[in-house]
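The primary structure of each chain is shown beneath.
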Amino acid sequence: DEGRDPQPPDGHLAFPRCFHRRGRGNLPKQILLPCEIEDEVPVTRMLSEACGRRVTLLTPQRGAKMDLIRLANKNAVEEVERATSHEERQSKLLEALARMLAMEEAPRRIEAYDISNTGHTDIVASMTVFVNAKPLKRDYRHFKLKDMAHADDYASMEQVLKRRFRRYLDGDEKFGDLPDLLLIDGGETHARVAVRVLAEAALDIPVFGMVKDDRHRTRALISPEGEEIGIQKNQGVFSLVGRIQEETHRFAIEFNRLQRTKRIQGSVLDQIVGVGKKRRADLLKEFKSVKKIKAASLSELESVVPKNTAQAVYEFFRQEENTPAQPEP
């Protein structure tokens, strides 16, 4: 690692690090110990059998090998200090956030939500999760909004949160961990929507809206009662909230674009006689895009859909290629 002392040369490895770095099946010929151990003989035999060759344990008292012991110990101490310092910084950061929000305990798990839409279509939402101030991407979730006649951020947020916490109450393991803090992209009305949903679910979780400035950058947090909490006085907290808001927005936008692309692709396939909702889904699942469907051979298409449908798809795109372009007026 950058800034680290060089590692001991091959063939020598201080004992405390050997199992972590190399594993029992790939040990050096000599292992240097900082002190003698009582079970040296059986340990030596066990390691030699695991490697299929002789492994020697040495406890140097001076010289170059003793220098390697000191080097390994020094690196180990630095690694512990580095990890501890980082954990302490994250802990203090979350404690500072808790004080700003008048929370009794630092929020270990934070969930954030954002809505994204293209006009009245492709309305989606994102849920991101930060644990100990770091993104936990395996817990991220997307939502496609159901039965929405038009874009309505408040109704959309209400639906998403109801679905999320209903899944928790139903025992869904994918939604099994409750957050210590909810951050909603939006103002006090968005936050009030979340409070109402939580009350209906008999859950008590602090909620705050993430407010942006005129340049669409994070400015502050706001309570459901309309109290604005300035976070810029603490650069660490300000940076964390900004990062959460940007990540949640990015995740929502990406899913929105994906849904829009699928809808556009689907509209092309809908023009082909014999391609209904199921056939369209089968084709897109196999080939991933209309471009690849268009480039597929007849036999490749027949491996996914019935022969008559495959023939219709194949001829549709070939006919499209052979259609002369209309002259511009």
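For the structure, check the block above.
Summarised in this report is the structure supplied together with it. Since we're looking at a predicted model, the values are computed, not measured.

Rules of the game
Residues numbered from 1 in each chain as written. Predicted model: local features only at pLDDT ≥ 70, side-chain atom pairs only at ≥ 80, totals over all residues. Heavy atoms only, no water. Helix = DSSP H or I, 4+ residues; strand = E, 2+ residues; numbered from the N terminus. Buried < 20%, exposed > 50% of the residue type's maximum accessible area, 1.4 Å probe, protein only. Contact = heavy atoms within 4.5 Å. Axes fitted to C-alpha atoms, helices over the stretch in contact; angles between N-to-C directions. Parallel < 35°, antiparallel > 145°, perpendicular 65-115°, else oblique. Left-handed = near helix turned anticlockwise from the far one by under 90°. Nonpolar A, V, L, I, M, F, W, Y, C, P; charged D, E, K, R; others polar. Expected span 1.5 Å × (residues − 1). Arc of directions from axis to C-beta. Salt bridge = Lys/Arg side-chain N within 4 Å of Asp/Glu carboxyl O.

What follows covers the overall build of the protein. Of regular secondary structure, the protein possesses ten helices and eleven strands. A burial count over the protein gives 40% of its 329 residues as buried. Of all intrachain contacts in the protein linking residues separated by at least 6 positions in sequence, the fraction that spans at least 24 positions is 55%.

What follows covers the packing of helix 4 (residues 153-169) against helix 5 (residues 188-200). For the pair helix 4 and helix 5, the least separation of the axes is 9 Å and the interaxial angle reads 30 degrees. Relative to helix 5, the element helix 4 lies roughly parallel. Note on packing geometry: the crossing formed by helix 4 with helix 5 is right-handed. Contact residues: helix 4 offers Asp153, Tyr154, Met157, Glu158, Leu161, Lys162 and Phe165, while helix 5 offers Thr189, His190, Val193, Ala194, Arg196, Val197, Leu198 and Glu200. For the contact of helix 4 with helix 5, a count of residues per class yields eight nonpolar, two polar and five charged.

Its twelve residues place the ends of helix 2 (residues 40-51) 16 Å apart at the C-alpha level, agreeing with the 16 Å of an ideal helix rising 1.5 Å per residue. Listing the buried residues of helix 2 in full gives Val43, Thr44, Leu47, Ser48 and Cys51. One side of helix 2 carries all its buried residues, which in axial view fall inside an arc of 130 degrees. Those residues of helix 2 that are exposed and aimed more than 90 degrees away from the buried face are Val41 and Glu49. Phi turns positive one or two residues past the end of helix 2, at Gly52, with a value near 80 degrees.

Checked against the element boundaries, Ala50 lands in helix 2. Spatially, the C-alpha atom of Ala50 lies 9.0 Å from that of Leu27, the residues being 23 residues apart in sequence.

Evaluated as defined, the whole model comprises 16 salt bridges. We note a salt bridge from Glu188 to Arg192, for which the minimum N-O separation is 2.9 Å. In this pair, Glu188 and Arg192 are both assigned in helix 5, four residues apart and thus about one turn of the helix distant. With relative accessibility at 31%, the residue Glu188 sits in the partly exposed group.

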